[in-house]
Amino acid sequence: MTPGPPHWDRLRVFLRPYTGRLVFILSVSLVATALNLVQPFISKLLIDSALLRHDMNALVRVAALMFFAGVAGFLLNIVSSYRYVKVSAAMLFDMRVALLRHLQSLSPRFYARFRLGDLMSRLNNDVSEVQRVSADTLLSVLSNVVFLVGSVGMMLWLNWQLFVLSILFVPACLYAFSRYQKRLAAFTKRLRECGADLGSLFVETILGMRTVVSMRANEHEVARFKTRNDAFVRTLLDVQMASFLTGALPGTILNASTATVFLYGGWLIFQGKMSIGTMVAFMAYHSRLLAPVQTLMGMMANLASAKVSLGRIFELFDTPVEVQDAPDARPIDSLHGHFQLQDVAIRFDRKAVLENVTCEIPAGSLCAILGPSGGGKSTLADLLARNLDPDSGRVSLDGHDLREIELYSLRRQIGVVLQESIHFHATLRENLRYGKLDATDQEVLMALQ
C-alpha cells in the first residue's frame, strides 16, 4: 500500500461539508469560554469593592453579574456541545459510509488475505474510537486553549512575578508527559492488534463451530482463546499504566507549584503589596490554569489513540480497487450469455489458482465444472461476474471483453448463487427481493415457484 498524507490532514474531506456549522459552534464556544474566564475576576470585585468596603449596592451588582455570567456560559456550553456532537456524529457517519462503499468495491483477493476479525475491529472499534475522541475532545481542546491563554493573560496583569513563580514546574511536567505519551501510543497500537486477534479467533470459532464440536476440539479452542486473551490483558495493563502516568504524573508535578504560590502570595499581602481580592482572583485563575493544562495533556493521549485508529482506517482506504470501470466502458442492455476465456491466469498471494485456461461456454448451455477444493471453481465464477480481473488473458461475453462493459450493466444481468447461502437478518420476502429490491409480490411468488 502507498502511504497517504498525514491522517489528520485526510480528515479535511469529511470536515469540508460541515465548515459553516463548525464555525458557528466554535464561535458560541468562544463566547462561553470568555464568560467562564471573567468569573474569577468578579471574585476580586466581590472582595475589594464590596465586602471589604461593606458596600451593599456593590455586593448586589457583583452577585448579579456573577449569576448572569454563569447562567449564560452554561447555556452557551450546552448549545455548542450538543451541536458539536451532532456534527461530529454526522461526519463520522460519512466516513463509515465511504469506508463501507470502498470495501464493497474491493475484490475477493482482498478478503482472502484480510482477517475478518481485524476488518470488523477497524469498522467498529477504530471508527468508534475516532467518534468518541471527536465528540469528547476536539471541541474541548479549543475551549481549554482559549481559557489557558486568557488565564495566563489575567495572571500576568494581576501580578507578573507571582505568575513566573507559578510556572516554574511546567517544563518538568511537559517532559514527563512527552515521555509517557510515546509509550502510550505504541501500547495502544499493540492493543488494537491484540483485539483484532481475539476478534478473528471468535469469528473463526463461531463459523467453524460444527467442526470444533465434531472434532472434540473444544478445549483446544479454549486454550487458543486463553493465549490470545492473556496477550490482550498484558497489553491492556501496559496501556493503563502508561495512560495513568501520562495524565497523573504531570498533574502531581503541577500541584507542587500551588504551595509556592500560597507562600509568596501570602508574603505580598503581609507586606501590603497586594490586596486580598487580587490574591483570591489570582489563586482562582491559578487553580483553573492547572485544569486546562491537565485536560489538554489527557486530550493529547486521546488524540494519540485516535491517530492509531485513523491509521488503521485509512490503511483500508488506501487498499487499491482492482476492478473498476474503464474510461471507455459502455453499458450493454441485453446479453445472450456466450462466454469465452482465452489464456486466463490469476494468482492469489503469488500462488497460481488458474493458469492458461481457455474454454468456451455457449449461450443457453448447462456447463458443470468439477475439481477439488481450491482448484479455482469459485474463482472462475468471480471472473465471469467480474468480481475479479485476470492477471493475464481475456474473459469475454458475447464477444465483448468484460473490462469494456460497465460494471453496473454487467452485474445487473448476471446472477451468482454461492454454495453457502447468506441470509440477511430480515424477512423471507426481503431476502427474496434482495437481487431486485423493487420486485412486486407477483414476481416474488413466481421466483418461489
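Before reading further, recall that the structure is shown in the block above.
On a predicted model such as this, the values are computed, not experimentally measured, just so you know.

## Some details on the packing of helix α3 (residues 19–51) against helix α4 (residues 56–104)
- In contact at an axis separation of 8 Å, α3 and α4 are set at 160 degrees when each is read in the N-to-C sense. Judged by the angle between their axes, α3 and α4 are roughly antiparallel. You can see that α3 and α4 cross each other, and the crossing is left-handed.
- The residue inventory of the contact of α3 with α4, partitioned by class, reads 24 nonpolar, 9 polar and 2 charged.

## Quick word on the pattern of salt bridges
- Going through the model one piece at a time under the given rule, you end up with 11 salt bridges.
- Where Asp 230 meets Lys 226, a salt bridge forms, and the shortest distance between an N and an O atom there is 2.9 Å. Of this pair, Asp 230 and Lys 226 both sit in helix α10 (residues 218–270), separated by 4 residues, roughly a single helical turn.
- With a relative accessible area of 30%, Asp 230 lands in the partly exposed category.
- Two residues, Arg 347 and Glu 355, come together in a salt bridge whose shortest N-O distance is 3.9 Å.
- Judged by its relative accessible area of 38%, Arg 347 is partly exposed.

## So, empty space enclosed by the protein
- Tallying each qualifying case throughout the model produces 1 cavity of 30 Å³ or more.
- In this model, the largest cavity occupies a volume close to 40 Å³.
- Lining the largest cavity are Leu 383, Arg 386, Leu 388, Asp 389, Pro 390, Arg 394, Val 395, Asp 401, Leu 402 and Arg 403.
- Residue classes in the lining of the largest cavity are distributed as 5 nonpolar, no polar and 5 charged.

## Here's the deal with the side chain of Asp 126
- Within the secondary structure, Asp 126 sits in helix α6 (residues 116–158).
- Here Ser 309 takes part through its side chain, which lies 3.1 Å from a polar atom of the side chain of Asp 126.
- Within the local environment of Asp 126, its side chain forms a polar contact with the side chain of Arg 312, the two groups lying 2.6 Å apart.
- Dropping the residues within four chain positions of it, Asp 126 is found in contact with Ser 121, Arg 192, Ser 309, Arg 312 and Ile 313.

## Some points on the nonpolar core
- Phe 14, Met 95, Leu 99, Leu 103, Ile 313, Phe 314 and Phe 317 are the most contacted members of the largest nonpolar core, which has 25 residues in total.
- At the level of elements, α3, α4, α6 and α11 (276–317) are the ones that each hand at least two residues to this core.
- Excluding its chain neighbours within four sequence positions, the residues that come into contact with Met 95 are Leu 11, Phe 14, Leu 310, Ile 313, Phe 314 and Phe 317.
- The next biggest cluster of nonpolar side chains, apart from the first, holds 18 residues, and it includes Ile 332, Ile 361, Leu 380 and Leu 397.

The rules behind these values
- Residues numbered from 1 in each chain as written.
- Predicted model: local features only at pLDDT ≥ 70, side-chain atom pairs only at ≥ 80, totals over all residues.
- Heavy atoms only, no water.
- Axes fitted to C-alpha atoms, helices over the stretch in contact; angles between N-to-C directions.
- Helix = DSSP H or I, 4+ residues; strand = E, 2+ residues; numbered from the N terminus.
- Parallel < 35°, antiparallel > 145°, perpendicular 65-115°, else oblique.
- Left-handed = near helix turned anticlockwise from the far one by under 90°.
- Nonpolar A, V, L, I, M, F, W, Y, C, P; charged D, E, K, R; others polar.
- Salt bridge = Lys/Arg side-chain N within 4 Å of Asp/Glu carboxyl O.
- Buried < 20%, exposed > 50% of the residue type's maximum accessible area, 1.4 Å probe, protein only.
- 1 Å grid on protein atoms, 1.4 Å probe; cavity = no way out; pocket = protein on both sides within 12 Å on 5 of 7 lines; lining within 4 Å.
- Points joined across faces, edges and corners; volume = space filled by probe spheres on them.
- Polar contact = N/O pair within 3.5 Å; in protein donor to acceptor, adjacent residues only side chain to side chain.
- Contact = heavy atoms within 4.5 Å.
- Core = buried A, V, L, I, M, F, W, Y, C linked by side-chain atoms within 4.5 Å.

The quantities given are spatial measurements derived from coordinates; they are silent on function.
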